[in-house]
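Residues per chain are reported as follows:
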Amino acid sequence: MRHAVHDVPPRRRRRLGRLALTLGLVALLGLLLAPSAFAGFITPKTGGSPNADSISSLYKVVLYIAAVVFVIVEGALFYSILRFRAKKGAVAAQIHGNTRLEIGWTVAAALILVALTVVTFIHLPAIINPPDSSANGVVLSASVTRPTPPNGKSITICVQGRQYIWRYTYGNQCLNAAFSGKLPYSYQTMYAPANTTVILDIQSTDVIHSWWVPSLGGKVDAVPGYTTYTWFKAPHASTPGNPVVFHGQCAQLCGRSHAAMTAMVRILSPADYKAWLSHQTDLINQANVQVTQLRQILTASGNLGG
Ligand SMILES: [Cu+2]
């Protein structure tokens, strides 16, 4: 005669329940602590510009909801593995569907997606649309062709990607008159004023690059033949001994020295920014005078052209 089917003894069942609960709590705790333990590591960088802050808070909403779903699903999985594992002589119950459960988790998943959609659309405008400059920022003229703040006032910096360096041209005419206007420019390190809405006009001279300074917002591709746009508004300026510098990296594999295509953005007070701009303009003017003199000397001595 066969042995009778024995159920799990109550003591062992309680122990299994406790184990499953502990595993679930440990997993939940780990996920809740993760963002603070790896702040800026698994969550987007913040603090450099309001659009970066909005991207980060949207990311965290999705992360936390996903974390709760993860804990529930993995908890149920581990509980089932332990509670219903193969036992000598046990016969598994044969279950065929459960309409209430199936409708339940379909509706729950749909509701989660609706909630994520609503939260995303609430955050999107703050990521896409630039705000006004603060009263203590630099305020220049308006433009109709670029994304503009509500009051229409911002400053423009042109960002030009090329293998393998970023070039920045300063001034609202930077797209059309970078050279004829003898506009100030710099390579690799961008200088920008604090509390000011800075619109970036992004272009490329060769292949597709991608402008990305995580603390200042999302990635924007630099595509040959097109102008793309983004913006930032940095709240803090560098002070003596305490530079405010944000680091970036070309985020599109653009050739063999792609890794060398780094970017830095140094935030200055509006007064320091204006001083830096005029100093840069002076340096360019001096260089132009020297080039003109050199050309005259070379031409006079027959060493330049025919
Ligand atoms: Cu690149």
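This one's a predicted model, so the numbers in the text were calculated from it and none came from an experiment.

Rules and cut-offs
Residues numbered from 1 in each chain as written. Predicted model: local features only at pLDDT ≥ 70, side-chain atom pairs only at ≥ 80, totals over all residues. Heavy atoms only, no water. pLDDT = per-residue confidence, 0-100. Contact = heavy atoms within 4.5 Å. Donors = N, O, S within 2.8 Å, 3.2 Å for Na, K, Ca; no water. Tetrahedral: all angles 85-135°; square planar, octahedral: opposite > 155°, others 65-115°. Buried < 20%, exposed > 50% of the residue type's maximum accessible area, 1.4 Å probe, protein only. Helix = DSSP H or I, 4+ residues; strand = E, 2+ residues; numbered from the N terminus. Expected span 1.5 Å × (residues − 1). Polar contact = N/O pair within 3.5 Å; in protein donor to acceptor, adjacent residues only side chain to side chain.

In this structure, what is going on with the confidence of the model for the chain? I would like to understand it.
In regions of low pLDDT, the predicted coordinates are not meant to be interpreted in detail. In this model, the chain carries an average pLDDT of 86, and 91% of its residues clear a pLDDT of 70 or more. Low pLDDT, under 50, characterises residues 1-5; the predicted model gives this stretch 3 contacts beyond four residues in sequence or across chains.

Whenever I open this one, the coordination of the copper ion confuses me. Can you help?
Looking at the copper ion, one finds its protein donor set to be His209 (ND1), Cys250 (SG), Cys254 (SG) and Met261 (SD), positioned 2.1 to 2.6 Å from the metal centre. One way to put it: the 4 donor atoms around the copper ion meet at angles of 87 to 124°, and that makes the site tetrahedral. All donor residues of the copper ion come from one chain, and their arrangement in sequence is H-x40-C-x3-C-x6-M. Here the two residues Cys250 and Cys254 agree in accessibility, since each one is buried.

Quick question: what am I supposed to make of helix α4 (residues 270-300) here?
Three or four residues apart is the spacing at which side chains of an α-helix point the same way, because the helix has 3.6 residues per turn. Its 31 residues give α4 an end-to-end C-alpha distance of 45 Å, which sits within 8% of 45 Å, the value for a rise of 1.5 Å per residue. All buried positions along α4 are accounted for by Pro270, Tyr273, Trp276, Leu277, Gln280 and Ile284. In this structure, the buried residues of α4 make contact with β1 (155-162), β2 (165-170), β3 (185-187), β4 (189-193) and β10 (262-268). Following α4 by one or two positions, Gly302 adopts a phi angle in the positive range, close to 75°.

Whenever I open this one, the side chain of Thr197 confuses me. Can you help?
Considering the arrangement of structural elements, one finds Thr197 in the loop between β4 and β5 (198-204). On the accessibility criterion, Thr197 (0% relative accessible area) is buried. Among the polar contacts made by the side chain of Thr197, one reaches the main-chain carbonyl oxygen of Pro131 at a distance of 2.6 Å. Setting aside chain neighbours within four positions, we find Thr197 in contact with Pro130, Pro131, Asp132, Ser133, Pro149, Ser154, Ile155, Phe232 and Lys233.

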